[in-house]
Structure formats: C-alpha cells, structure tokens
Amino acid sequence: MTNAPRPYESYVYAYPHKTAYRPLADRPALRELWAGERKDALSLYLHIPFCEVRCGFCNLFTRIGAPDELTTRYLDALDRQATAVADALHAGAATGVRFAAAAFGGGTPTFLDAGELERLCDIAEKRMGTDLRAVPLSVETSPSTATADRLSVLAERGATRVSIGVQSFVEEEAKAAVRPQRRSDVEAALGRIRDARIPVLNIDLIYGIDGQTPESWRLSLDAALAWRPEELYLYPLYARPLTPLGRRAHPSEAGWDAQRLDLYRRGRDHLLARGYEQVSMRMFRRSGAPREGADDYACQTDGMIGLGCGARSYTSALHYSFDYAVGMREIRSIIDAYTTTEDFSRAEVGRAVDADETRRRHLLQSLLQAEGMAVEGYRERFGSRPADDFPAELERFADLGWLDTDAGPGLLRLSPTGLAYSDALGPALFSPAVRAAMASYEAK
C-alpha cells in the first residue's frame, strides 16, 4: 500500500473553493448568466453574516455584533438583491422558476431577532417566490440565540431542520476552542428546540480540541445522544489562518492527526452502535429519521441561488459570490459595502467552471457520500466513465485502500478508510488550475 497522506488537509464543502474566485472583469449580467439554465429545482441560500462571538476555529464569513442598526441595513440590501435576482431569473423564462430546498446560514441566522427572522422569511417567499412550508428549510443556530420566540417564528414559517453548533458539552473544551459556554445553557437551548417541534435536530460536535480525551469525547457524544437528534455532525478541529486558533501554537501535525483520527473512529463506532447510519465522513443520521433535503435536488447538477454577501450562486458555467475574507477588518468593510449597494444585477466575483471542472465537482461531491456514486449515472451525464477521466487519481485511491473493493464494477464507493481520509481525498481531486489559484490567493 502507498504511504497515506495526512488525513486532514482540507474540508471540501464546495468546489471550487472561494479562494479560487477572482473579480470578474466583464461583470456579467445575471439575466444573461441564467438565461439558458434549468430553473425548476433550484436551491435557495440566505446568508446572515453576524455572530455573538467568533469561535476560535471559525473561518466563515461573519462578524461579531451588528451596531448602529446594521441588521436592518443588511436586510434592506438583501431585499434589494432578492428583487434583482428574481427579476433576472424570470426574465424571458420559458418555464417557471421553482425552488426545491432552502437554507438560512451564516454566521448565525438566529442572531436576528424574531421580527427580523419574519422579514427574512418574507424575502424568501415574497421576493423569491419560495413556499417555505412546501420545501425543506434548514436553519443554523447557536445555544445563546436559540430563544423560544425565534424558534417559534422558524417553526411557524416552515423550518424542517435546525442545526445547532454545540461543539463540546465539556465547558473546559469549549473554552479551549474559544467558544465559552455553559453546559446548562446548551441543554436549555436543546430543550427549546425540541419544544418547537421542528422535525429534524442536528447537533454539531468537534474532535481534536486541546485537552480532549477519549473519555471526554464520549461524554459529549452521550450528552448529544440523550436528545435523540435526527442528525449528528462530527467535525475535526482545524486551526486555519487568521482565526484565533490559527494564531496560536498547536500540537505537532503528526500527533494531532493521530489524535483526531483516533477520536473520529471512536465517534463513528459509537454512533453506529447506537442506531445511526453514516452518510459521509462528518454526517450521521439516526435510523428511521426523516431525510432532510428535497428528493428532486442534486447538488452536483442543480443550480443554487445565494443571497447575502457571503453566499455563493452556481450556474452550470459560473460560480459567483462577493469578495471573501476571514479577518475582521476586511469582513466589516465588505459587509458595509454590501449594505450600500444599489445595483445587484451583475456577478462581481467568481470562477468559470469548464467541462473538466464539472466532472471533478460531480465525482468529488458524489464520492464523498458514503453511499457512493453510480458509474452509469456519471456516464449518462458526461458520456465517459470516471476511470477514463481520472485514471491516475482513482488508481491512487485504490492503492491507498480508499475504495470499497466489494462495491462492484457499477459503483464507486469509499471504504471505511477512504471515508476517514475524506479531507485528503477531496483535495486530491482539485484541478491544477484551481490548486494554483488557491495557492496564489492572498489571505485577508
């Protein structure tokens, strides 16, 4: 077997990553970008870039607090953007525009108060034409913002899933991750979510925190399981540039990798033994729980409309967004510029996606799911087989023991080892051009 690479190179939640985006010289009009696109099964994402505290591991596009009625000005801009995007989508459309799924992310969407959440839902429904009660609606929250009045609004407006970032039930570990919180407050928030009767509860936990042990990791797992969440996400800790943890000294790479890999396997086995199925390296679903997500939306093929200054939008040929940053000063500047923008009719920052990148994205996003990818489905879309397009990569994955040899010739599926190494496998499928663009990105 080939020597295995480090297991924690990068979490691939989207491809190409925003660090490969660049300002678009031609600033294409949205109505032209979407003119020839299928619009009958879109996903809608509304981004709220505010949090009450910046966690030590977080490199998301978000700022702490919102002074001087900033949330009002942000929602005003979001309303203007939604109007412009809806106009572009409907311009000359031969068929109707329909959304198959919706999500509010951030940041922390529940940083908004109950009245502001009502307005956010109105923007999704009245401006974008999304029936939030008829499609899956996922919303992210935090222990301190999961209040009864906010959750009541979300439940009434059709939320089907709430995801809460707990990270650890051990107060010392939460503090070490620069996320100070009391366990009693976390438990109270979970109780309020269950009282709201939103169908799917997801709890995020993190492993690899300084001082975390197998015993304390199991304590957090069992504390989460006591709420019988429909979903659990287990995230490895990363210390990324420009984040509070990224500025600190951290354990040796080899030792930290071994710790995280051991805790991942312990967590995986603990959940599998308690009636959860593994959906991906990070995601576990309780057996019999509702499957969150639309049956007719596929992230590999269908488009996405992102509203807000940290959201991405996807057409078949272009992924686009606004400027990206991690540092607080730059994020504040980008948010301020967004709130004063009047014309949202053009794409500003993005990356073209050609045929090769489309194949890579399809393979990457499919292969990282535990169920694997049907080879025939790939062939029907592209007219070729994965082994024809990516022979070297797939041969290497096989040599590393990352592919399930019992899957049969019609299915590409990761082995348990392959799933464990998802954060090495994903980056291995990046194209040279995307890799070079990410490497040349100047962090800010």
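Structure's up top.
On a predicted model such as this, the values are computed, not experimentally measured, just so you know.

A. Fine view of the overall build of the chain. Helix and strand content of the chain: 16 helices and 17 strands. Taken over the C-alpha trace, the chain has a radius of gyration of 21 Å; the compact-globule value for 444 residues is 22 Å, and the two agree within 12%. If one aligns the C-alpha atoms of the chain with their principal axes, the spans along those axes are about 55 × 55 × 45 Å. For the chain, buried positions account for 56% of its 444 residues. Long-range pairs, those at least 24 residues apart, make up 78% of the contacts in the chain between residues at least 6 apart in sequence. When the accessible area of the chain is evaluated, it comes to approximately 18600 Å², of which 50% is carbon and sulfur surface. Here the chain holds 55 positive side-chain charges and 62 negative ones, and the gap between their average locations is 2 Å.

B. Region of the structure containing the environment of Tyr338. Mapped onto the secondary structure, Tyr338 falls in helix 9 (residues 328-340). In sequence terms Tyr338 and Gly308 are 30 residues apart; their C-alpha atoms lie 8.2 Å from each other. Residues contacting Tyr338, with those up to four places away along its chain left out, are Tyr74, Ala77, Leu78, Arg80, Gln81, Gly308, Cys309, Phe322 and Phe344.

C. Structural detail: the pairing of strand 8 (residues 200-207). Where burial is concerned, most of strand 8 is hidden: 8 out of the 8 residues are buried. Relative to strand 8, strand 7 (residues 161-167) runs parallel, the two being bridged by 6 bridges. Looking at strand 8, one finds that Arg161 is bridged to Val200. As defined by bridge partners, strand 8 adjoins strand 9 (residues 231-236) across 6 bridges and the pair is classed as parallel. Each residue of the ladder has a partner; that of Ile206, found in strand 9, is Tyr235.

D. View of the packing of aromatic side chains. The full count for this structure, using the stated rule, is 17 aromatic pairs. Look at Tyr74 and Tyr338: their rings are 5.1 Å apart centre to centre, the planes differ by 35 degrees, and that puts the pair in the tilted class. Of the two residues, Tyr74 sits in helix 2 (residues 70-90) while Tyr338 sits in helix 9, which places them 264 residues apart along the sequence. Classification of Tyr338 by relative accessible area gives buried; the value is 2%. Aromatic side chains Phe322 and Tyr338 sit 5.5 Å apart centroid to centroid with 80 degrees between the ring planes, which places their arrangement in the edge-to-face category. Of this pair, Phe322 sits in the loop between strand 14 (318-321) and helix 9 while Tyr338 sits in helix 9; the two residues are 16 residues apart in sequence, bridging distant segments of the chain. Taking NZ or CZ as reference, Arg361 lies 4.7 Å from the ring centre of Tyr314, over its face.

E. Geometry of the pattern of salt bridges. What the rule picks out here adds up to 29 salt bridges. Among the salt bridges present, the one from Asp389 reaches Arg359, with a minimum N-O distance of 3.1 Å. With Asp389 in helix 12 (residues 386-389) and Arg359 in helix 10 (residues 355-367), the pair connects residues that are 30 residues apart, well separated along the chain. Using a relative accessible area of 19% as the deciding quantity, one classes Arg359 as buried. A salt bridge links Asp404 to Arg413, with the shortest nitrogen-to-oxygen separation between them at 2.8 Å.

F. Representation of the packing of helix 10 against helix 11 (residues 375-382). Packing of helix 10 against helix 11 leaves a shortest axis separation of 12 Å and a crossing angle of 160 degrees. On the basis of their axis angle, the class for helix 10 and helix 11 is roughly antiparallel. You can see that helix 10 and helix 11 cross each other, and the crossing is right-handed. Across from Thr358, Arg359 and His362 in helix 10, the residues of helix 11 making contact are Tyr378, Arg381 and Phe382.

G. Examining unusual backbone geometry more closely. Along the chain, Tyr15 connects to Pro16 via a cis peptide bond; the corresponding omega equals -5 degrees. Structurally, Pro16 can be placed in the segment before strand 1 (22-23). Looking along the chain, the bond that leaves Gly106 and enters Gly107 is cis, with omega of 15 degrees. Counting through the fold element by element, Gly107 comes out in the loop between strand 5 (99-106) and helix 3 (114-127). For Gln167, which is not glycine, the phi dihedral falls at a positive 75 degrees.

H. Structural detail: the nonpolar core. One finds Met128, Leu205 and Ile305 to be the most contacted residues of the largest nonpolar core, which totals 112 residues. Per-element tally for this core: the top contributor is helix 2, with 11 residues.

I. Geometry of the side chain of Arg285. Within the element layout of this structure, Arg285 appears in strand 11 (residues 283-286). Judged by relative accessible area, which is 5%, Arg285 ranks as buried. Beyond its immediate sequence surroundings of up to four residues, Arg285 is in contact with Glu230, Glu231, Gly275, Tyr276, Glu277, Val279, Pro290 and Arg291.

J. Structural detail: the state of the cysteines. In total, this model carries 0 disulfides according to the counting rule given. Cys51 provides the cysteine sulfur closest to Cys121, a residue in no disulfide bond, and the two sulfurs are 18 Å apart. On the basis of relative accessibility, which here comes to 0%, the residue Cys121 falls in the buried class.

The rules we used
Residues numbered from 1 in each chain as written. Predicted model: local features only at pLDDT ≥ 70, side-chain atom pairs only at ≥ 80, totals over all residues. Heavy atoms only, no water. Helix = DSSP H or I, 4+ residues; strand = E, 2+ residues; numbered from the N terminus. Rg over C-alpha atoms; globule rule 2.2 N^0.38 Å. Buried < 20%, exposed > 50% of the residue type's maximum accessible area, 1.4 Å probe, protein only. Contact = heavy atoms within 4.5 Å. Areas by Shrake-Rupley, 256 points an atom, 1.4 Å probe, with all protein chains shown as cover. Lys, Arg positive; Asp, Glu negative; His and termini not counted. Charge placed at Lys NZ, Arg CZ, Asp CG, Glu CD. Pairing = 2+ DSSP bridges. Phe/Tyr/Trp six-rings, centres within 6.5 Å; stacked < 30°, edge-to-face > 60°. Lys NZ or Arg CZ within 6 Å of the ring centre and 35° of its normal. Salt bridge = Lys/Arg side-chain N within 4 Å of Asp/Glu carboxyl O. Axes fitted to C-alpha atoms, helices over the stretch in contact; angles between N-to-C directions. Parallel < 35°, antiparallel > 145°, perpendicular 65-115°, else oblique. Left-handed = near helix turned anticlockwise from the far one by under 90°. Core = buried A, V, L, I, M, F, W, Y, C linked by side-chain atoms within 4.5 Å. Disulfide = S-S within 2.5 Å.

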